[in-house]
Amino acid sequence: MVKTERLHAQDVEPTPGSAWLIGAAAWFVPGLGHLLLKRWGRAILMGSAVYVCFFAGMAMGGHMFDLNPSPGSSVLFQIPPMIGNLGTGALYIICWLLGVGFNDDPEQAARATYEYGYIFLIIAGLLNYLTMLDAFDIAAGRKS
Amino acid sequence: MMTLFAALASVVLGSMGKDTPRDRWLYGLKVFAEFMLIGLVLGWILYFVP
């Protein structure tokens, strides 16, 4: 390690363990990370944005993805949207356990809002990843 | 639906984007306007594409 790298490595403070817990809580329940940090405004705004996006997607008849490919499809095509869906944390897990939103129902797929719905569900997960990173950064002291 | 998406995304991006509340509001409004404008422009372009 050259001298400048060694000096830089000494400047970087280790991430506190609580930041990882806050990050995990923020992923699992949208808005909880900011609530734990007592950032009420951000918790309400960002958490409700994720919930509204998720429930709007469900109301539109959106479909969520897991590792069971639909007939004629590959599991590889399921993974990217599943990563997006997984961002909603407990919402995804509860729906997966209850089997809500995972069925390949032709009537549901025929709805005019079906494609909007599944995009909204993916967007909800991606927004929650951003929320999680924001909570993590605040907990780690990298952001005010 | 495009407006709903733009509003939700701009709320999240605006909340985490800047340092002061005023800058966050301005940034959120700017992101919202950009989403709407780009969506409308792309919609009209695709309308004429066969």
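Structure first, text after, so check above.
Computed from a predicted structure; not experimentally measured. (Residues numbered from 1 in each chain as written. Chains lettered and ligands numbered in written order. Predicted model: local features only at pLDDT ≥ 70, side-chain atom pairs only at ≥ 80, totals over all residues. Heavy atoms only, no water.)

Draft legend 1. Representation of the overall build of chain B. Looking only at helices and strands, chain B has 2 helices and 0 strands in total. Taking 50 residues into account, the globule formula puts the C-alpha radius of gyration at 10 Å, and chain B, at 13 Å, lies well above it. Expressed along its principal axes, the backbone C-alpha trace of chain B runs to roughly 45 × 15 × 10 Å. Counting the 50 residues in chain B, one finds 24% classified as buried. Carbon and sulfur atoms provide 75% of the accessible area of chain B, an area that totals close to 3600 Å². (Helix = DSSP H or I, 4+ residues; strand = E, 2+ residues; numbered from the N terminus. Rg over C-alpha atoms; globule rule 2.2 N^0.38 Å. Buried < 20%, exposed > 50% of the residue type's maximum accessible area, 1.4 Å probe, protein only. Areas by Shrake-Rupley, 256 points an atom, 1.4 Å probe, with all protein chains shown as cover.)

Draft legend 2. Broad picture of the packing of helix H5 (residues 75–86) of chain A against helix H8 (residues 114–139) of chain A. Residues and elements named next belong to chain A. Relative to each other, H5 and H8 sit at 60 degrees, their axes nearing to 6 Å. Here H5 lies oblique to H8, going by the angle between them. At the point where H5 passes H8, the crossing takes the left-handed sense. Taken together, the residues of H8 that come into contact with H5 (itself represented by Pro 81, Ile 83, Gly 84, Asn 85 and Leu 86) are Leu 121, Ile 122, Gly 125, Leu 126 and Tyr 129. A breakdown of the residues in the contact of H5 with H8 according to their chemical character gives 7 nonpolar, 3 polar and no charged. (Axes fitted to C-alpha atoms, helices over the stretch in contact; angles between N-to-C directions. Parallel < 35°, antiparallel > 145°, perpendicular 65-115°, else oblique. Left-handed = near helix turned anticlockwise from the far one by under 90°. Contact = heavy atoms within 4.5 Å. Nonpolar A, V, L, I, M, F, W, Y, C, P; charged D, E, K, R; others polar.)

Draft legend 3. Spotlight on the packing of aromatic side chains. Taken as a whole and judged by the stated rule, the model has 10 aromatic pairs over all chains. Centre to centre, the rings of Tyr 114 of chain A and Tyr 118 of chain A are 6.1 Å apart; their planes meet at 55 degrees, and the pair counts as tilted. Separated by 4 residues within a single helix, Tyr 114 of chain A and Tyr 118 of chain A lie in helix H8, roughly one turn from each other. Since its relative accessible area comes to 16%, Tyr 114 of chain A is described here as buried. Given the relative accessible area of 22%, Tyr 118 of chain A is considered partly exposed. Cluster of aromatic residues (ring-pair linked, three or more members): Phe 65, Tyr 114 and Tyr 118 of chain A. A cation over a ring is seen here: Lys 18 of chain B above Tyr 27 of chain B, with NZ or CZ 5.2 Å from the ring centre. (Phe/Tyr/Trp six-rings, centres within 6.5 Å; stacked < 30°, edge-to-face > 60°. Lys NZ or Arg CZ within 6 Å of the ring centre and 35° of its normal.)

Draft legend 4. Structural context of the side chain of Ser 10 of chain B. Residues and elements named next belong to chain B. Positionally, Ser 10 belongs in helix H1 (residues 2–17). Among the polar contacts listed, one links the side chain of Ser 10 to the backbone oxygen of Ala 7, at a separation of 3.0 Å. Setting aside anything within four residues of it in sequence, one finds Ser 10 in contact with Ser 15, Gly 28, Val 31 and Phe 32. (Polar contact = N/O pair within 3.5 Å; in protein donor to acceptor, adjacent residues only side chain to side chain.)

Draft legend 5. Examining the nonpolar core more closely. Counting 22 residues, the largest nonpolar core has Cys 53, Phe 54, Met 64, Phe 120 and Leu 127 of chain A together with Leu 8 and Val 12 of chain B as the members making the most contacts within it. Of the residues forming this core, the biggest block, 6 residues, is contributed by helix H4 (residues 40–59) of chain A. The residues touching Leu 8 of chain B, leaving out its near neighbours within four places in the chain, are Ala 49, Val 52, Cys 53, Phe 120 and Leu 127 of chain A. (Core = buried A, V, L, I, M, F, W, Y, C linked by side-chain atoms within 4.5 Å.)

Draft legend 6. Summary view of the environment of Tyr 51 of chain A. All names here are of chain A. Along the chain, the position of Tyr 51 falls in helix H4. For Tyr 51, a relative accessible area of 28% corresponds to the partly exposed category. Through-space distance from the C-alpha of Tyr 51 to that of Tyr 116 is 16 Å; in sequence the pair is 65 residues apart. Aside from chain neighbours lying at most four places away, what touches Tyr 51 is Val 29, Pro 30 and Leu 91.

Draft legend 7. Fine view of H5 of chain A. Residues and elements named next belong to chain A. Across its 12 residues, H5 extends 16 Å between first and last C-alpha, which sits within 8% of the 16 Å expected from 1.5 Å per residue. For H5, the full list of buried residues reads Gln 78, Pro 81, Met 82, Gly 84 and Asn 85. Looking straight down H5, one finds that the buried residues subtend no more than 155 degrees of arc, so they occupy a single side. In H5, those exposed residues whose orientation departs by more than 90 degrees from the buried face are Leu 76 and Pro 80. The inward-facing, buried residues of H5 abut helix H6 (90–98) and H8. (Expected span 1.5 Å × (residues − 1). Arc of directions from axis to C-beta.)

Draft legend 8. Focus on unusual backbone geometry. The phi torsion at Lys 38 of chain A lies on the positive side, around 60 degrees, for a residue other than glycine. Along the chain, Lys 38 of chain A falls in the loop between helix H3 (32–36) and H4.

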